[in-house]
Amino acid sequence: MTAGDDGVRDGPGNRDTDGSREPARRPPLSRRRVIGLFIAAAATIVAAVLARVRQLAAPRDPTAPTGSTRGTGGLVLLDIAGADGELLDFDGVLEVQTNGGGEDARDDALLDAETLELIELAPLQRHAEASAAVQLPAGRTACLNLSWPTSHGYSALLVDLPGPGHYALAELAARGLHEAQEDVQTRMRATGSEAREVDVLRTRTARALQECDAAAAPAERAISANSALEAATAAQLAQDEAASGLGPEDAMLGVTFTAAPASGRSAQAVSRLEGAGRTVLVRIVVEDTDAVDEMDGWRRCVTELHEAGAQVMVQICDSQALVDFDEAAWTRRIAALIAAFPDADAWEIGNELAGEWAGSDAVERTLQAARALAADPATASAPRLLTLYYQLGQGTATESVMSWAAVNLGEELTELTDVVGLSVYPQWHPLGSGARRVLDALGRVVGDKRTALTELGYGAEDLNDGPWWFGSPDDVEAGRAAVARHLTAAALGQPRAWAAPLWWYYLQDEGVIAPDTQDAPGLSGQEDGEDGSGAVAQDLVEAARIEASD
């Protein structure tokens, strides 16, 4: 990501297919009303409406299909209850899913249940007998993904569809989360990690799922399903944060510097991360390699970071600047960066691949950078990382991240890459309770490579047009804290984790540079020595902390 001509960074997902900025996404319609319609159902409506629902709703057979029906195609009918105890119609489903953004903000997608590769965009259909319907493909198991809220915010709700039949959507989602959590709980207990809080939350899920089984009518089952999903989501988020220690101890806590701080400020900025007990990794984002003052500032910054014990990763080029270079300029840029930073500890060879704004030459240019780094003795041994832009259903079919990876991570690029990471902006592409499953799928795609969360941000001005929220619908600081803690921990808990989360807005959120100079190279935006706000550092430390052994 990079700055526009006005000095404000272009937000993710807001470029048209020709690379130009698309019109601002229509603002959410009555966001508070949407929240009120749905989230309160999880905690307050069950007792009030069950009696009336039993009288009004006709019973149906809730029996799920057997495993032999999976992959045979057929129609899935899905019930979803609103806060008033009534089943939502299709328009109501879309209103909740998009947080009031309407048809244009739809992000439902049918995915392969194992790989999360895209099968179909916008598979949800209107149906007279249910809130929504999905036509299953023949020959493969399918997973429905859509953005969906609980009281914790919007998540990528990954719902395994067991076969044709009539189900409560939230119950299927809750069961999937609940069953997958047991394996992680077992591993946590084996390593002595604290698992009791998660066990308590999982007990609540189990009880709510029992209520689903006992329900006499579709609406009653859907209401109990909302409670089950609320409990399963709470358990999943708690487990993700508790399981950060399952990953390698050498996994690093990472942040991003989008500008070179004033002299002495670099070490001060990373000192706030020392409490995690991990090596700190700083990605530096160089805008203009021909700007003498900027390059001098970055070289000074790298020296200060190394003296403070941090590692430095140089980004070859931000994704939104990639199309600005012709072939000659691109070659010069790579050479200039290698000459300027031979002591860099790692290199990001490609940023936000799978983002359409990166252009049709993104893979080839990433390869050119990787080849040059591998050929130069000064940089050949430094790890090379590429970042994929996370989205499952908010873009075009070819850009759905796992599908893109399956097609474009060819033999040479894979051979020249040591680490593969994701760029995640939850206000544009929710993740939430789906984080572990998405990260697990990434690990399978990249084989024996290490994985990372290599770009993350929340609550910045250029992100707030995104229709979704996490942590709090109206308190940006609470949302930022929730995202930072949860996704940092989830990524560091992966078995081959390398680093997380390379927080993009670190200097801005910590007050080291002012928001309106966030991409002005070499400008601190603050007087030397002025304390920053500490808005995100402590959350990152808490998520990443390695507890001392007894």
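About the thresholds
- Residues numbered from 1 in each chain as written.
- Predicted model: local features only at pLDDT ≥ 70, side-chain atom pairs only at ≥ 80, totals over all residues.
- Heavy atoms only, no water.
- Helix = DSSP H or I, 4+ residues; strand = E, 2+ residues; numbered from the N terminus.
- Buried < 20%, exposed > 50% of the residue type's maximum accessible area, 1.4 Å probe, protein only.
- Contact = heavy atoms within 4.5 Å.
- Phe/Tyr/Trp six-rings, centres within 6.5 Å; stacked < 30°, edge-to-face > 60°.
- Pairing = 2+ DSSP bridges.
- Axes fitted to C-alpha atoms, helices over the stretch in contact; angles between N-to-C directions.

Caption draft 1: Up close: the overall build of the protein. Across its full length, the protein holds 17 helices and 15 strands. Burial statistics for the protein: of 550 residues in total, 58% are counted as buried. Long-range pairs, those at least 24 residues apart, make up 78% of the contacts in the protein with a sequence separation of at least 6.

Caption draft 2: Inspection of unusual backbone geometry at higher detail. With omega at -5 degrees, the peptide bond leading from Ala500 into Pro501 counts as cis. Structurally, Pro501 can be placed in strand E15 (residues 497-503). In the Ramachandran plot, Leu116 falls in the positive-phi region, its phi being about 65 degrees despite a non-glycine side chain. With respect to the element layout, Leu116 can be found in the loop between strand E2 (109-112) and strand E3 (118-121). For Leu116, a relative accessible area of 0% gives the class buried.

Caption draft 3: A look at the packing of aromatic side chains. If you walk through the whole model with that rule in mind, you get three aromatic pairs. An angle of 80 degrees between the planes, with centres 4.7 Å apart, marks the rings of Trp357 and Tyr389 as edge-to-face. Of this pair, Trp357 sits in the loop between strand E11 (346-353) and helix H11 (362-375) while Tyr389 sits in strand E12 (residues 384-389); the two residues are 32 residues apart in sequence, bridging distant segments of the chain. An identical accessibility class is assigned to Trp357 and Tyr389; each is buried.

Caption draft 4: Spatial organisation of the sheet that holds strand E14 (residues 450-456). Ordered by their spatial adjacency, eight strands build a closed barrel running E8-E9-E10-E11-E12-E13-E14-E15, and the pairing between neighbours is parallel. Each strand of the sheet is rotated relative to its neighbour by a mean of 25 degrees, with strand direction disregarded. Sheet topology note: the strand E13 (residues 419-424)/E14 ladder contains six bridges and is parallel. Note on E14: the bridge partner recorded for Ser423 is Glu455. Sheet contacts for H11: E11 and E12; angle to E11, the most-contacted strand, approximately 175 degrees.

Caption draft 5: View of the sheet that holds E3. Pairing is antiparallel across the open sheet formed by four strands, whose spatial order is E3-E2-E5-E6. At either margin of the open sheet sits one strand with a lone partner, and together these are E3 and strand E6 (153-161). In this sheet, adjacent strand axes meet at a mean angle of 30 degrees when their direction is disregarded. One ladder, built from four bridges, connects E2 with strand E5 (residues 142-150); its direction is antiparallel. Residue pairing for E5: Leu110 is matched across the bridge by Leu144.

Caption draft 6: Region of the structure containing the pairing of E2. As paired strands, E2 and E3 are joined by three bridges and run antiparallel to one another. Bridging from a neighbouring strand, Leu110 pairs with Glu120 of E3. Linking E2 to E3, which pair antiparallel, is a turn of five residues; within it Leu116 sits at a positive phi near 65 degrees.

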